[in-house]
Amino acid sequence: MTDVSKMTKKEMTERLLVLEEQRLTWEEERNRVSQQVSLMQKEHGRRLAFLRILEAFANTVDTALAQVKRDVQELNATFAEENEQSEGEM
């Protein structure tokens, strides 16, 4: 790179054009990356929403399964008690 203080007006103009092209290129790249990030965030939001729905469903199923198990245990205890009483009567 040449010393800026020793550049001619023409060299300075050319250098400014090159720098402006670089700036535009970087700005285009930044905009492209920004758009990709926005799309990824949107997709991530959708996936997160589905995961939350599935988590709620899994929790509901787990709770229902636990309740069924408790109900079956209660019925088994009741049947065992009835069997003991009917055996005692015989």
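Residues numbered from 1 in each chain as written. Predicted model: local features only at pLDDT ≥ 70, side-chain atom pairs only at ≥ 80, totals over all residues. Heavy atoms only, no water.

A. The overall build of the chain, seen in detail. A count of helical and extended segments in the chain gives one helix and zero strands. Expressed along its principal axes, the backbone C-alpha trace of the chain runs to roughly 120 × 20 × 10 Å. In the chain, buried positions account for 1% of the 90 residues. Summed over all atoms, the accessible surface of the chain reaches about 8,700 Å², with 59% contributed by carbon and sulfur. (Helix = DSSP H or I, 4+ residues; strand = E, 2+ residues; numbered from the N terminus. Buried < 20%, exposed > 50% of the residue type's maximum accessible area, 1.4 Å probe, protein only. Areas by Shrake-Rupley, 256 points an atom, 1.4 Å probe, with all protein chains shown as cover.)

B. Quick look at the pattern of salt bridges. A complete count under the given rule lists five salt bridges for this structure. A salt bridge links glutamate 20 to arginine 23; the shortest N-O distance between them is 2.5 Å. Pair noted here: glutamate 20 and arginine 23 are both in helix α1 (residues 9-89), with a separation of three residues, about one helical turn. Take glutamate 20: its relative accessible area is 34%, and that puts it in the partly exposed class. A relative accessible area of 39% places arginine 23 in the partly exposed class. Where arginine 46 meets glutamate 43, a salt bridge forms, and the shortest distance between an N and an O atom there is 3.7 Å. Here glutamate 43 and arginine 46 lie together in helix α1, a separation of three residues that amounts to about one turn. We classify arginine 46 as partly exposed; its relative accessible area is 45%. Among the charged side chains, a salt-bridge network with shared partners connects Glu20, Arg23 and Glu27. (Salt bridge = Lys/Arg side-chain N within 4 Å of Asp/Glu carboxyl O.)

C. Quick look at a negative patch on the surface. A cluster of like negative charges, contributed by Glu81, Glu82, Glu84 and Glu87, occupies part of the molecular surface. Classification of glutamate 84 by relative accessible area gives exposed; the value is 58%. (Patch = residues over 30% accessible without salt bridge, like charges linked within 9 Å, V, L, I, M, F, W, Y side chains within 5 Å. Lys, Arg positive; Asp, Glu negative; His and termini not counted. Charge placed at Lys NZ, Arg CZ, Asp CG, Glu CD.)

D. Looking closely at a nonpolar patch on the surface. On the surface, a nonpolar cluster with roughly 320 Å² of combined accessible area is contributed by Val4, Met12, Leu16 and Leu19. Secondary-structure assignment places leucine 19 in helix α1. The exposure class of leucine 19 is partly exposed, given its relative accessible area of 34%.

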